Amino acid sequence: MKRGIAFWNIVLKDMRAYYLKPPNISWGLIFPVAWTGMFFIKSGSGFESILTLLPGVIALSILFGTTSMLAVTVTFEKKNRSFERLLLAPIPLELLMLAKTSGAVLFGVANAFVPVIIALFLTDLSRVAWVAVFPAVVMIAVASTFLGLFVAVSVSEVFEAQTFSNFFRFPMIFLCGLFFPIDSLPAFLRPLSYLLPLTYGADILHGAIHGKNMMPLGLDFAIITGFCLVLFSTSLRNIHRRWII
Amino acid sequence: MRIQESAISPPRDRLPFIEVTELTKRFDGITAVDRISFAVLQGELFGFLGPNGAGKTTTINILTGLARPDSGTMKISGLECTRKPKASQHLMGIVPDESNLYPELSGFANLCFCASLYGMPKTERRARARELLETFGLKEASDRKFSAYSKGMKRRLTIAAGIIHRPQILFLDEPTTGIDVASARQIRQLIVELHRAGTTIFFTTHYIEEAERLCERIAFIVKGRIVRIDTVTDLLQPAQGKKALLISVSNSAADLCGKLGTAFPHFEFQAVSSAQVRVESAEAINISPLVRFIENQGAEVTEAVRLRPSLEDVFVHITGIEMDAMRKEKEKAGGNQ
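Every value quoted in this text rests on a predicted model; they were computed, and no experiment measured them.

What counts and how
- Residues numbered from 1 in each chain as written.
- Chains lettered and ligands numbered in written order.
- Predicted model: local features only at pLDDT ≥ 70, side-chain atom pairs only at ≥ 80, totals over all residues.
- Helix = DSSP H or I, 4+ residues; strand = E, 2+ residues; numbered from the N terminus.
- Rg over C-alpha atoms; globule rule 2.2 N^0.38 Å.
- Buried ≥ 20, exposed ≤ 12 C-beta atoms within 10 Å, placed from the backbone.
- Contact = placed C-beta atoms within 7 Å.
- Nonpolar A, V, L, I, M, F, W, Y, C, P; charged D, E, K, R; others polar.
- Domains from an automatic or database assignment.
- pLDDT = per-residue confidence, 0-100.
- Pairing = 2+ DSSP bridges.
- Axes fitted to C-alpha atoms, helices over the stretch in contact; angles between N-to-C directions.
- Parallel < 35°, antiparallel > 145°, perpendicular 65-115°, else oblique.
- Left-handed = near helix turned anticlockwise from the far one by under 90°.

S.K.: Quick question: what am I supposed to make of the overall build of chain A here?
M.R.: Within chain A, the secondary structure is distributed over 10 helices and zero strands. Reading chain A from its N end, one meets helices and strands in the order α-α-α-α-α-α-α-α-α-α. Expected size for 245 residues packed as a compact globule is a radius of gyration near 18 Å; at 18 Å, chain A falls within 12% of this value. Taken over 245 residues, chain A has a buried fraction of 45%. Taking all contacts inside chain A whose residues are at least 6 apart in sequence as the whole, residues at least 24 apart take part in 80%.

See below:
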């Protein structure tokens, strides 16, 4: 019960203090929408291309929505020492970090449905396998959040967090099969695609939305879950090693 | 430097709340805390006194779980927490040396959030936050963002956040450093009241007068090692019998000291500044012969003040750290005690 109160209040505080603030909304929503608009205009194929663009836009919205603030806020709280308050609270570190990341996951999931709602008015989504889309959205949000956490606990300065997260985020736009199939990438870049968690999340979304996935969805889910576990446990280890010295 | 064994044993019948044995912490080859052992008693106001970099904050960080010791053991309220610091964190309130609340939250929201971290239900934490804002004189500023608070207000709210969950032990890391005189006084009063209410307080400072005024027992820590632990009364005991006088002169104090030493061999003379001579003796000091002698040397006595034995003298005597060094630290910290 006591831990539940602490968990919920950390989530609530982060949502209020960070995720529902205008800069985050602009970075998390406008940026992916702008990218989508660019691809939409570039493809020149009209509204029928929306279904093929939608998985990429959803994935991008989640990626930027989750990582835009998490990496910065954790670093910022560490820098101004308010993060110490959390470390000194009688809450296990695992629970604390889950609370710290839950706000970002929720925000990422909410972000994912912005393009879906827009698409509802522009195209027919009746054949979309929502039963796969929902868990995929959650898994992409969790993986992206944990990637943000990994970045946050690997750096000391806020500007480093921004730089380091962009180092992951921008290549993902091109390498993870969001808008171009991975097969169309140069052969030397393809192995990189398979090292990025978003590749598997995007593949589930492609399969669920327009039926063109590369791998079995079960395998995609298993791999993205593996990424989540590795990123979270690595981040916890980094916190133990770097912050509780 | 060796710690006085007798000093570690608790002076009263109270049970030890913190027991630390041979605690050591190294950073990049530097020993920040070197085999320290001490006990803090239940309900005691225990002072940890030393210059900057002596190991005070590192000790607090180890005790509270923000740092891991390289060796040694510690128990808090009977709980072995050397390897499991989380086991005792619910008993602790921590006020770090820098205010670390959330700048974007109001004073009230900060207190409520801190209470929630200890699992306090909503109604209880809101009532407690209001009570503390009132007690700490921050009621008017409760809806103001923490970032808009003055330094003294920030410090007071940080202390309030430290006790929001009614901890059994409160760690105060240099609570009055860098704030104005009025706020420092207010904070000292609050510490006294918390102590009277039965809270065990572990208090670090480099202000000697503050430690003397507030603490029951004091540990002197220098370069990571505890050199003495004792009650304030016992620490002052050797100095109690001594008589001391500070004479301000118009000429070079250093020159006069040598001549005074020859003329009055049963007194000790020390030039504490270019124009001040300190006289010490186990016997009563008759000022007239001294003044006459100084005037015969062609100098003028502008002032003579009888000195009360202070903890500062004891600290200097035990640690060998000059008072000037501590004073410079005060100035550096911006303190205005």
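S.K.: Would you explain the interface of chain B and chain A in this entry?
M.R.: The accessible area lost on association of the parts is a frequent measure of interface size. Listed as interface residues are 24 residues of chain B and, on the opposing side, 21 residues of chain A. The element best represented in the side of chain B that touches chain A is helix α3 (residues 107–116) of chain B, accounting for three residues. Tallied by class, the residues present in the side of chain B that touches chain A amount to 13 nonpolar, seven polar and four charged.

S.K.: Teacher, can you tell me more about the domain arrangement of chain B here?
M.R.: When its domains are assigned, chain B resolves into domain 1 (5–237) and domain 2 (242–308). Spacing between the C-alpha centres of domain 1 of chain B and domain 2 of chain B amounts to 42 Å.

S.K.: Can you help me understand the confidence of the model for chain B in this one?
M.R.: Predicted coordinates in areas of low pLDDT are best not read in detail. Residue and element names in this part refer to chain B. Looking at chain B as a whole, the pLDDT averages 86, with 91% of positions reaching at least 70. Across chain B, the element-wise mean pLDDT spans from 38 in helix α1 (residues 5–8) up to 96 in α3. Low confidence marks residues 1–11, where pLDDT is under 50. Its contacts with residues over four positions away, or in another chain, come to 19 contacts. In the model output, the complex is listed with pTM 0.82 alongside ipTM 0.85.

S.K.: Help me understand unusual backbone geometry in this model?
M.R.: Glycine aside, residues mostly have negative phi, and peptide bonds are mostly found in the trans state. Phi is positive for Arg81(A), close to 70°, though the residue is something other than glycine. Tracing the backbone shows Arg81(A) in the loop between α3 (50–79) and α4 (82–88). The phi dihedral of Lys223(B) falls on the positive side, at around 50°, and the residue is not glycine. As for its placement among the helices and strands, Lys223(B) is situated in the loop between β9 (217–222) and β10 (225–231). When the 18 C-beta atoms within 10 Å are taken as the criterion, Lys223(B) is described as partly exposed.

S.K.: Please clarify how the environment of Lys21(A) should be interpreted in this entry.
M.R.: Residues and elements named next belong to chain A. Topologically, Lys21 is positioned in the loop between α1 (2–19) and α2 (22–43). Overall, the presence of 13 C-beta atoms within 10 Å leaves Lys21 in the partly exposed class. Measuring from C-alpha to C-alpha, the distance between Lys21 and Asn80 comes to 19 Å, with 59 residues separating the pair along the chain.

S.K.: It is not clear to me how the sheet that holds strand β2 (residues 30–41) of chain B should be interpreted in this structure. Could you clarify?
M.R.: The strands that make up a sheet pair up through hydrogen bonds in the backbone, lying either parallel or antiparallel. Residue and element names in this part refer to chain B. Taken in spatial order, the four strands make up an open sheet running β2-β1-β4-β5, and their pairing is antiparallel. A single partner strand is all that each edge strand has here, and the edge strands are β2 and β5 (79–80). Pairing geometry for strand β4 (residues 71–76) and β5, over two bridges, is antiparallel. Bridge pairing links Ile76 to Leu79 in β5.

S.K.: For this particular structure, what's the right way to read the packing of helix α6 (residues 130–152) of chain A against helix α10 (residues 217–242) of chain A?
M.R.: Between two packed helices, the angle of one axis relative to the other and the distance separating the axes together describe the packing. Residues and elements named next belong to chain A. Between α6 and α10, whose axes approach to 9 Å, the crossing angle comes to 25°. The angle between α6 and α10 places the two elements in the roughly parallel class. Considering only the axes of α6 and α10, their crossing is left-handed. In this structure, α6 uses Ala132, Met139, Val142, Ala143, Phe146, Leu147, Leu149 and Phe150 to contact α10, whose residues at the interface are Leu217, Phe221, Ile224, Thr225, Phe227, Cys228, Leu231, Phe232, Thr234 and Ser235. Broken down by class, the residue content of the contact of α6 with α10 amounts to 15 nonpolar, three polar and no charged.

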